[in-house]
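# An overview of the molecular structure
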Amino acid sequence: MSSGSSSDSSDTPKSVATEKKKEIDKVKERKPEVNRSKNRRRSSESDNKSISESPPSIRRRSIGRERSASRSRSKEPDKPQKNQERTERKSRSRSRDRYRHGKRYWDDDDRYSDRRRRRSREDRDRGNSDIYWNKYGGDRRSDRSNPRKDDDNEAGRRMTERDRIRKDPENRDPNVKDGEAKEGEPAFKKAKKIVDEGAEALTLRTGGAYIPPARLRMMQSELTDKSSIAYQRFAWEALKKSINGLINKINVANMDIICREIMKENVVRGRGLLARAIMQAQAASPTFTHVYAALVCILNSKFPQFGELVLTRLIIQFRRGFRRNDKNICLSATKFVAHLANQEVAHEVVALEILTLLLENATDDSVEVAVGFLKECGAKLTEVSPRGIHAIFERLRSILHEGLLDKRVQYMIEVMFAIRKDGFKDHPVIVDGLDKVDETDRITHLISLDEATDGQDMLNVFKHEPAYEENEEKYKTIRNEILDDDSSNDSEAETGEEEETDSEDDEEQEAKDQTIIDNTETNLASFRRVVYLTIHSSLDYEECVHKLLKMEQKPGQEVEVCHMILDCCAQQRSYEKFYGLLAQRFCQLSRSYVEPFECIFRDTYDTIHRLEVNKMRNVAKVFAHLLFTDAISWGVLGHIKLNEEDTTSSSRIVIKVIFQELAEYMGLPKLNERVKDPTLQEAFAGLFPRDNPVNTRFAINFFTSIGLGEIGRASCRERV
């Protein structure tokens, strides 16, 4: 275009050329930007074509010129023009997209218009409910006709030919109402229809629809064929309902009654339902786990397969929860297994395997589950497998020392050790009132964690039995035998109780006539054992005094308490002030403990040579504490005679320890004042003799050798 203008300007005068140039500029301004872009594209294509056809050297030069020109163009300030071109380009792209979308959705395209017409026609033919119920019925593009009108559709086959004839207006009798039998038609057809509908309602995927009780009784009365599926289905539903109701009502008080009611049902046929009901009830209320475990123990003694089934399902449930890291499932399953181990339904090896698995790779949750499991069955494992429980606690101790767990879990482990130290007194093996089965009748199952694979889940589902009547008769005979045995045992127990009451009355009368003397001292030994354990389990002397005073002590047992305090003190490696304070508190609380301690002092001094040196020191320090606190009278020292003939090396050690302790507690001035007290001269007459100069010199030399020469010399001189 620029070349044409230059040629015209060369052939015509200058004024004509300028006018034409102005017209050309006006035409360029009127042209849309699209033509400009097209012209640029064409010019670039032509330039590229010319460059591609040119030799390589020229091509390289031209490409270099284009790059430099593009750089220079980019540096030029043409920003308003570029923004305008960008906005026009976006508007063109939007118009093209709008055209494309409109063509797809709103235009009369064959692909979409046919589908739209077909959908509108289907919507007119059927209601919205059919669209909802059939929205998953195959491909969305397929032709979904009305299932109530199309006989070839699978949903349309649900309606039987009889219902079509009944609903057809031509075949319908206007004189007969719905549900009534026609003339010449048997009357039992209505009941049969109701029974069929009820059986169909029970076989739904949702687990069965609700049937009113009156209608259910009518349906059951019409069913007479016990081999039919409908009759067995109704019997299965009744069995399920009865089992669930009985399991929900069981507790410690009505255990015997509920067990009898459960035995009346067919436990062999419904053992899957019963196991599932017990496990669900235990998971819903874990506080009643000991009750459900006792029930399983009773049923296991009569039907061992039932106990094995429950234990297998519990192990599978525990493994599933352990694999999924579900702590709640693991807690409920392990608690049930622990109580089954207490009832000897599960072997102790099962419990040890579970504990080993939980503590192998210790985490916060696994240790928490293991501690809860140990609380429930730790007492039983301590009885039957002490080495195994020792290994488990050693593993817990190593986990605690590692310190990798949370503080809360570490505190739980420490509490577990404290419970073990107390002997699991708050977690007994079997709660009172739930020990219903004799040890000879208990059946224990040993199922490892790897062996429990088949939970027999098909026992939870209804299954038609061809020999239904025969199986029911067999179970009736078994049930009668079990219930008769229980009733005979109850009658024997009642007669035994009556005989026991009579014998007890006779024994009471004989006891009134004569008194029994226990020469074996069994009660005394048990009392000393209780006192010993109480002393060693107390934190301080005040708690120990409180516990010992709460015991029901018979008259004369105060002496045994005093002896146990001194014996426990003598067994220590070094003296503990705990025992001195304990003896002091007893003497200050009651005078009945003062005289026994004074008598024990005299007896101990006479037989002190039988004790070891360490025991001598501990006992002497206890008596020194009692003298310093004035818990016992200083008159007991009058039993001591300090001379060469009446003393031994052991007795002199006792005297030395007593006076050294008194000097340490009281100080030399106060001790000297106490020795010079005129009211205590009779008590110190044997310690500081004045009848014989030899004995006086011996006493002065003795006190001088133990570092108390001033007391010895002053007291002896005054006496002389």
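Residues numbered from 1 in each chain as written. Predicted model: local features only at pLDDT ≥ 70, side-chain atom pairs only at ≥ 80, totals over all residues. Heavy atoms only, no water.

Scanning the chain from terminus to terminus reveals 31 helices and zero strands. Looking at the chain as a whole, 35% of its 720 residues qualify as buried. On the chain, roughly 46,300 Å² of surface is accessible, and the fraction owed to carbon and sulfur atoms is 48%. (Helix = DSSP H or I, 4+ residues; strand = E, 2+ residues; numbered from the N terminus. Buried < 20%, exposed > 50% of the residue type's maximum accessible area, 1.4 Å probe, protein only. Areas by Shrake-Rupley, 256 points an atom, 1.4 Å probe, with all protein chains shown as cover.)

Another aspect to go through is the packing of aromatic side chains. Counted by the stated rule, this structure contains 14 aromatic pairs. Relative to Y475, the ring of F303 has its centre 6.4 Å away and its plane inclined at 25°; by these criteria the two rings are stacked. Here F303 is found in the loop between α14 (289-302) and α15 (304-324), whereas its partner Y475 is found in helix α21 (residues 468-513), with 172 residues between them in sequence. By the burial criterion, F303 is buried, and Y475 matches it. A centroid spacing of 5.4 Å and a plane angle of 85° characterise the contact between F659 and F703, whose relative ring orientation is edge-to-face. Of the two residues, F659 is situated in helix α28 (residues 649-666) and F703 in helix α30 (residues 693-705); the sequence distance between them amounts to 44 residues. Taken as a pair, F659 and F703 share a single burial class, namely buried. (Phe/Tyr/Trp six-rings, centres within 6.5 Å; stacked < 30°, edge-to-face > 60°.)

Following the criterion strictly, the structure yields 15 salt bridges and no others. A salt bridge links R397 to E394, with the shortest nitrogen-to-oxygen separation between them at 2.8 Å. Within this pair, R397 and its partner E394 are both found in helix α19 (residues 386-402), separated by three residues, close to a single helical turn. Across the salt bridge formed by E560 and R528, the nearest N and O atoms sit 2.7 Å from each other. With E560 in helix α24 (residues 558-570) and R528 in helix α22 (residues 522-537), this residue pair connects regions lying 32 residues apart in the sequence. Here E560 falls in the buried class, since its relative accessible area comes to 17%. Judged by relative accessible area, which is 25%, R528 ranks as partly exposed. Taken together, the shared-partner salt bridges connect E344, K380, D435 and R442 into one network. (Salt bridge = Lys/Arg side-chain N within 4 Å of Asp/Glu carboxyl O.)

Turning our eyes to something else, we now look at the packing of helix α18 (residues 364-384) against α19. Interaxial distance between α18 and α19 falls to 9 Å at its minimum, and their mutual angle equals 150°. Judged on the interaxial angle alone, α19 and α18 are roughly antiparallel. Here α18 runs over α19; the crossing is left-handed. For the pair formed by α18 and α19, the contact residues are V367, L374, L381, T382, E383 and V384 on the first element and P386, I389, I392, F393, L396 and I399 on the second. A per-class count over the contact of α18 with α19 returns 10 nonpolar, one polar and one charged. (Axes fitted to C-alpha atoms, helices over the stretch in contact; angles between N-to-C directions. Parallel < 35°, antiparallel > 145°, perpendicular 65-115°, else oblique. Left-handed = near helix turned anticlockwise from the far one by under 90°. Contact = heavy atoms within 4.5 Å. Nonpolar A, V, L, I, M, F, W, Y, C, P; charged D, E, K, R; others polar.)

Between α22 and α24, whose axes approach to 10 Å, the crossing angle comes to 50°. Looking at the two axes, α22 sits oblique to α24. Judged by the twist between their axes, the crossing of α22 over α24 is right-handed. Judged by residue contacts, L524, F527, R528, V531, Y532, I535 and H536 of α22 engage E560, V561, H563, M564, I565, D567 and C568 from α24. Class assignment for the residues of the contact of α22 with α24 results in nine nonpolar, two polar and three charged.

On the surface, D225, E469, E470 and E473 cluster together to form a negatively charged patch. When you line up the elements, D225 lands in the loop between α10 (213-222) and α11 (229-249). (Patch = residues over 30% accessible without salt bridge, like charges linked within 9 Å, V, L, I, M, F, W, Y side chains within 5 Å. Lys, Arg positive; Asp, Glu negative; His and termini not counted. Charge placed at Lys NZ, Arg CZ, Asp CG, Glu CD.)

Another aspect to go through is unusual backbone geometry. In this structure, N325 takes a positive phi of about 60° despite not being glycine. Locating N325 in the fold gives a position in the loop between α15 and α16 (327-342). Note on N325: relative accessible area 67%, which makes it exposed. With phi around 55°, F424 is a residue other than glycine that occupies positive phi space. Along the chain, F424 turns up in the loop between α20 (407-421) and α21. On the basis of relative accessibility, which here comes to 6%, the residue F424 falls in the buried class.

The subject of this paragraph is the nonpolar core. If you look at the biggest cluster of nonpolar residues, it comprises 85 residues, and the most contacted ones within it are I247 and L340. Look past the residues within four positions of L340 in its chain and what remains in contact with it is A293, V296, V310, L311, L314, V345 and A346. (Core = buried A, V, L, I, M, F, W, Y, C linked by side-chain atoms within 4.5 Å.)

Moving on, we get to α30. Helix length check: α30 (13 residues) gives 18 Å between terminal C-alpha atoms against 18 Å at 1.5 Å per residue, within 8%. By the burial criterion, the buried members of α30 are N695, T696, A699, F702 and F703. Looking straight down α30, one finds that the buried residues subtend no more than 125° of arc, so they occupy a single side. Of the exposed residues in α30, the ones pointing more than 90 degrees away from its buried face are P693, R697, N701 and S705. Positioned one or two residues after α30, G707 has a phi angle of 90°, which is positive. (Expected span 1.5 Å × (residues − 1). Arc of directions from axis to C-beta.)

Per-residue pLDDT for the chain averages 75, and the proportion of residues at 70 or more is 65%. Mean pLDDT values over the elements of the chain span from 42, in helix α7 (residues 128-133), up to 93, in α16. Confidence drops under pLDDT 50 across residues 48-54; counting only partners more than four residues distant or on other chains, this segment forms six contacts. This model gives residues 164-174 a pLDDT under 50, and the stretch forms eight contacts once residues within four places in sequence are excluded. (pLDDT = per-residue confidence, 0-100.)

Turning to its location among the elements, A284 is positioned in helix α13 (residues 271-284). As a C-alpha pair, A284 and S332 span 48 residues in sequence and 9.0 Å in three-dimensional space.

Below, the discussion takes up α20. Helix length check: α20, at 15 residues, gives a terminal C-alpha distance of 21 Å against a target of 21 Å (1.5 Å per residue), a fit within 8%. Taken as a whole, α20 has its buried residues at V409, Q410, M412, I413, M416, F417 and I419. Residues of α20 that are buried in the fold lie against α18 and α19. Looking one or two residues past α20, G423 carries a phi angle of roughly 80°, positive in sign.

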